[in-house]
Number of protein chains: 2
Amino acid sequence: MREVVIIGVGMHRFGRFLDESLQDLGRVAVWNAIHDADIEPKAIQAAYVGNAVAGLITGQEGIRGQIVLAGAGLSGIPIVNVEGACASGAIALREAWIAVGSGMCDIALALGVEKMFCGDTSKLLKALASSSDVDAEASMGLQFTALYAMNLRKFMQKYDWTQEDFAKVAVKNKYNGSLNPYAQYQKPMTAEEVLNSRLIAYPLTLHMCSSASDGAAAAILCSKEMARRNSRKPLVEIASCVLQTSPFIDPKKRSAVNKEDGRFCIEEGLPFRDLYAQAGVAREAYEKAGIGPKDIEVAEVHDAMAPAEMMRSIALGFFKAEDAPAWVREGRNALTGELPINPSGGLTARGHPVGATGLAQISEVVWQLRGEAGPRQVRSKGKNLPKIGLVQNSGGHAPSGTAAMTVTILKR
Amino acid sequence: MREVVIIGVGMHRFGRFLDESLQDLGRVAVWNAIHDADIEPKAIQAAYVGNAVAGLITGQEGIRGQIVLAGAGLSGIPIVNVEGACASGAIALREAWIAVGSGMCDIALALGVEKMFCGDTSKLLKALASSSDVDAEASMGLQFTALYAMNLRKFMQKYDWTQEDFAKVAVKNKYNGSLNPYAQYQKPMTAEEVLNSRLIAYPLTLHMCSSASDGAAAAILCSKEMARRNSRKPLVEIASCVLQTSPFIDPKKRSAVNKEDGRFCIEEGLPFRDLYAQAGVAREAYEKAGIGPKDIEVAEVHDAMAPAEMMRSIALGFFKAEDAPAWVREGRNALTGELPINPSGGLTARGHPVGATGLAQISEVVWQLRGEAGPRQVRSKGKNLPKIGLVQNSGGHAPSGTAAMTVTILKR
């Protein structure tokens with residue numbers, strides 16, 4: 001694999017756009033990325049398109065990418081549609097990365113696009129539930145909010161995490177989102193407002209949950225060698241990108257404890273079995289990038305429910321389960337904290353058009369590493385632009401656990 | 001890209017299996033491929049799963065591959081779901097090939113699986129129509145049989161192709177299918193029976209059309225270096241694998257005429273614009289493999305309608321449009337002919353579970369190159385086992401033309 005960089009990113013704002021089609025959303029993100037990369041559209045040699053639920057929402061079950069990209073004026077290239085539920089965007093990035101890395105092409109587009117608002121909530125809920133085992137799980141009424149709530153209850157019992165802590169994560173992300181012009185929700189919120197919002201599944205209240213959303217996000221990847229000759233923007237390299245499905249086998253056998261690094265610390269006995277697998281993915285990504293969790297200066301973490309950010313930060317080795325509440329209370333993951341998490345507002349505030357989220361996370365970290373994040377720009381140790389960022393995106397519930405777990409490490 | 005070989009293939013018979021789920025079908029194909037490759041299932045390091053319509057047929061819109069592979073006992077690996085309508089299987093192969101070729105993994109599984117029979121024909125037709133532009137095309141009632149019929153009419157007018165010629169292609173493929181234990185239809189048929197069957201859209205009669213089908217097919221790919229050390233079967237190398245979406249731009253600008261090779265001959269003025277693009281894909285595949293059409297000794301060609309085999313053979317450079325009827329009448333594409341096409345029976349007889357077809361074609365050519373095709377084994381010049389085979393698989397109708405065109409060249 002040769003080295004691959006991201007030379008352009010672009011988004012369509014996330015939100016409720018009843019008058020815009022899947023094509024409309026995709027076109028804006030693709031062209032924003034093309035302009036950002038400062039290339040001719042015909043320079044794009046391949047495209048990977050991530051989408052999760054269009055078949056059930058818009059009826060466009062087949063050739064989604066070909067239809068969306070035709071709307072953006074792109075054809076005559078290999079177009080591959082990929083799907084991995086809420087991780088579809090990250091998977092599109094990964095496959096584009098492998099295509100460029102392998103030498104199959106020099107410049108590839110990764111697009112994540114999703115249309116969720118269709119005026120029919122029951123249709124949408126059914127579509128979302130189809131990211132679990134439809135026969136064994138969804139048909140029994142078990143859905144994702146419930147899964148998250150049950151897992152969080154275990155952390156509350158074992159590590160004294162509180163509903164107030166969870167509200168604080170939401171408050172942080174809502175504040176960050178208020179500074180992000182691409183976010184669905186751009187209004188700060190108090191902990192009281194979060195806690196007093198409608199209870200969805202204890203401990204989760206409405207404003208802790210990500211929402212349905214329409215949106216799109218894109219990235220343009222290029223071989224580092226070619227980009228070095230042509231690109232005028234700082235190059236953001238994909239240092240590693242790992243995808244994994246939770247294993248059936250005892251995940252403890254692939255212990256995620258890193259003895260050499262105290263901060264990378266999924267300890268034995270954590271209540272949530274699946275986190276071991278997620279930690280394994282993180283460890284592999286760190287190893288391949290030749291860094292550790294303490295080197296990360298900015299991160300986008302899949303907070304489909306705000307407190308999931310705490311759980312997943314543990315799997316990423318950012319802090320230990322027993323220290324998580326202190327990190328939250330002390331604002332150590334805020335924009336100005338020692339490790340800003342979800343400066344974009346995360347799924348909680350930016351919204352969660354499922355197939356687009358992974359590439360929105362990528363876009364945010366690229367902007368942060370380039371110093372283009374405006375009022376929400378983070379600084380390493382309060383001073384320099386960050387050089388290393390991490391994106392964690394995951395999706396779906398397979399019989400063995402999480403269907404698609406990804407960790408991508410970006411380096412400037 | 002390092003060299004990649006196919007070390008195992010496997011199928012679930014195509015047909016009508018109302019009692020079998022998507023998982024049941026996939027499991028059989030995967031395990032047949034695992035046994036054929038003579039590897040431990042845990043040796044598989046990544047999987048690419050092609051499926052086209054499960055979201056609309058079974059309701060499993062998301063994480064199809066994770067659900068199907070869990071049913072086969074596989075998890076704990078990267079699983080990527082890919083879609084490209086009737087070419088989904090070939091795309092799964094291509095992405096697995098790139099993953100192994102890039103060095104991301106040494107052994108990868110490509111699976112194509114489709115469940116089409118669901119006791120609701122209107123649901124199935126709607127699902128199939130969603131492989132075109134749902135808003136602009138499918139909603140107007142234009143579907144694939146009609147598209148094929150219109151294109152064939154042009155050939156009848158311009159090149160004197162006759163409905164009797166088309167029936168002969170169906171007769172050849174039905175005969176081949178009668179020798180294939182994996183085929184949905186294993187009964188030979190006379191030209192009279194084909195011509196007298198129900199008219200679907202002139203010139204197409206029922207027995208010229210591929211049918212709905214349940215089924216699965218899989219291939220296991222390995223780096224050539226590793227396979228050389230471990231495999232006991234003849235290695236079948238992927239010499240090239242090209243994927244393309246029809247371009248908007250005048251396809252004549254990428255002329256498919258090969259001046260050096262009289263047989264590679266999409267001439268100017270062919271009635272069917274899209275064939276130029278398909279010829280471009282073939283030419284790229286030949287160039288990358290370092291061979292020409294006259295080197296092909298066995299081919300599987302996407303005969304979703306039997307006479308489409310004639311159109312596509314032109315794009316593949318096998319013969320000229322005006323010579324096509326003679327080739328058909330003289331049996332030059334029969335099992336014992338100079339270039340056997342669709343020895344498996346093709347889509348016409350084997351059936352067409354859309355996402356599985358591409359890998360069934362691959363399976364057939366692998367068996368032919370290895371000399372394992374039993375009573376339908378083809379011989380090069382009537383004597384030796386073939387060494388070079390070609391698979392053409394395509395799918396979907398995008399605004400610019402065919403959504404996904406693939407040509408794969410395999411070499412023993």
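Quick note: structure is the one above.
Conventions used here
- Residues numbered from 1 in each chain as written.
- Chains lettered and ligands numbered in written order.
- Predicted model: local features only at pLDDT ≥ 70, side-chain atom pairs only at ≥ 80, totals over all residues.
- Heavy atoms only, no water.
- 1 Å grid on protein atoms, 1.4 Å probe; cavity = no way out; pocket = protein on both sides within 12 Å on 5 of 7 lines; lining within 4 Å.
- Points joined across faces, edges and corners; volume = space filled by probe spheres on them.
- Helix = DSSP H or I, 4+ residues; strand = E, 2+ residues; numbered from the N terminus.
- Nonpolar A, V, L, I, M, F, W, Y, C, P; charged D, E, K, R; others polar.
- Buried < 20%, exposed > 50% of the residue type's maximum accessible area, 1.4 Å probe, protein only.
- Polar contact = N/O pair within 3.5 Å; in protein donor to acceptor, adjacent residues only side chain to side chain.
- Contact = heavy atoms within 4.5 Å.
- Expected span 1.5 Å × (residues − 1).
- Pairing = 2+ DSSP bridges.
- Salt bridge = Lys/Arg side-chain N within 4 Å of Asp/Glu carboxyl O.
- Buried area = accessible area lost by both parts, 1.4 Å probe.
- Least-squares fit on C-alpha atoms with pLDDT ≥ 70 in both.

Engineer: I'd like to hear about empty space enclosed by the protein, residue by residue, with values.
Structural biologist: Counted under the stated rule, the structure contains 3 cavities of 30 Å³ or more. Empty space within the largest cavity amounts to approximately 170 Å³. Lining the largest cavity are 17 residues, and of these A:Arg64, A:Val82, A:Glu83, B:Arg64 and B:Glu83 lie nearest its centre. Breaking the lining of the largest cavity down by element, the ones donating at least two residues are strand E2 (46-50), helix H3 (64-71) and strand E3 (79-83) of chain A together with helix H3 (64-71) and strand E3 (79-83) of chain B. Across the lining of the largest cavity, the residue classes break down as 4 nonpolar, 7 polar and 6 charged.

Engineer: A description of the side chain of A:His302 should follow, citing residues and the corresponding values.
Structural biologist: All names here are of chain A. Relative to the helices and strands, His 302 is located in the loop between strand E9 (298-301) and helix H11 (308-315). Take His 302: its relative accessible area is 1%, and that puts it in the buried class. At 3.1 Å, the side chain of His 302 forms a polar contact with the side chain of Asn 393. Setting aside residues up to four positions removed in sequence, His 302 forms contacts with Cys 86, Tyr 148, Ala 308, Arg 312, Leu 347, His 352, Thr 357, Gln 361, Gln 392, Asn 393 and Ser 394.

Engineer: Give a description of helix H14 (residues 354-370) of chain A that names residues and reports values.
Structural biologist: Residues and elements named next belong to chain A. If you check H14, its first and last C-alpha atoms are 26 Å apart, about what 17 residues at 1.5 Å a residue would give, namely 24 Å. In terms of burial, H14 is largely enclosed, as 17 of its 17 residues are buried. Following H14 by one or two positions, Gly 371 adopts a phi angle in the positive range, close to 75 degrees.

Engineer: Quick rundown of the pairing of strand E4 (residues 107-114) of chain B? Include the residues and the values.
Structural biologist: All names here are of chain B. Burial runs high along E4: 8 of the 8 residues are buried. Residues Ile 107, Leu 109, Leu 111 and Val 113 line one face of E4 and the alternating positions Ala 108, Ala 110, Gly 112 and Glu 114 line the opposite face, and both faces are buried. Of the pairings in the sheet, the one linking strand E2 (residues 46-50) to E4 comprises 5 bridges and is parallel in character. Opposite Ala 47, over in E4, you have Leu 109 as the bridge partner. Pairing geometry for E4 and strand E7 (residues 214-223), over 8 bridges, is antiparallel. The residue bridging Gly 112 from the neighbouring strand is Ala 217, located in E7.

Engineer: Account for the pattern of salt bridges, naming residues and giving values.
Structural biologist: All names here are of chain A. This structure, assessed with the given rule, holds 40 salt bridges over all chains. The salt bridge involving Glu 225 is made with Arg 229; its shortest N-O contact spans 3.9 Å. Taken together, the residues Glu 225 and Arg 229, both in helix H9 (residues 224-230) and 4 residues apart, mark about one turn of the helix. Here Glu 225 falls in the exposed class, since its relative accessible area comes to 52%.

Engineer: Can you lay out H3(A) for me, pointing to particular residues and giving the numbers?
Structural biologist: Counting buried positions along H3(A) yields 7 of 8 residues, so the element is predominantly enclosed. Taken as a whole, H3(A) has its buried residues at A:Arg64, A:Gly65, A:Gln66, A:Ile67, A:Val68, A:Leu69 and A:Ala70.

Engineer: Now, about the interface of chain B and chain A: what can you tell me, with residues and values included?
Structural biologist: Listed per partner, the contact involves 57 residues of chain B and 58 residues of chain A. Here chain B meets chain A over a buried area of about 4200 Å², counting both sides, of which 56% is carbon and sulfur. Between chain B and chain A we count 2 salt bridges in total. At the boundary of chain B and chain A, one finds 32 residue pairs in polar contact (both at pLDDT 80 or more). Of all elements in the fold, only helix H2 (54-57), H3, E3, helix H4 (88-102), strand E8 (236-244), strand E10 (388-398) and strand E11 (401-411) of chain B reach the threshold of two or more residues within the side of chain B that touches chain A.

Engineer: Which residues make up unusual backbone geometry, and what values go with them?
Structural biologist: Residues and elements named next belong to chain A. In this structure, the amide linkage connecting Tyr 202 to the following residue, Pro 203, adopts the cis form with an omega of 10 degrees. Positionally, Pro 203 belongs in the loop between strand E5 (199-201) and strand E6 (204-205). The phi angle at Ile 63 is positive, at roughly 40 degrees, despite the residue not being glycine. Judged by its relative accessible area of 0%, Ile 63 is buried.

Engineer: I'd like a rundown of the relation of the copies chain B and chain A, residues and numbers included.
Structural biologist: For the pair chain B and chain A, the best superposition has an RMSD of 0.0 Å and corresponds to a rotation of 180 degrees with a translation of 0.0 Å parallel to the axis. One copy is carried onto the other by what is essentially a two-fold rotation axis. Taken as a fraction of all interface residues of chain B, those also at the interface in chain A reach 100%, which identifies the copy contact as same-surface.

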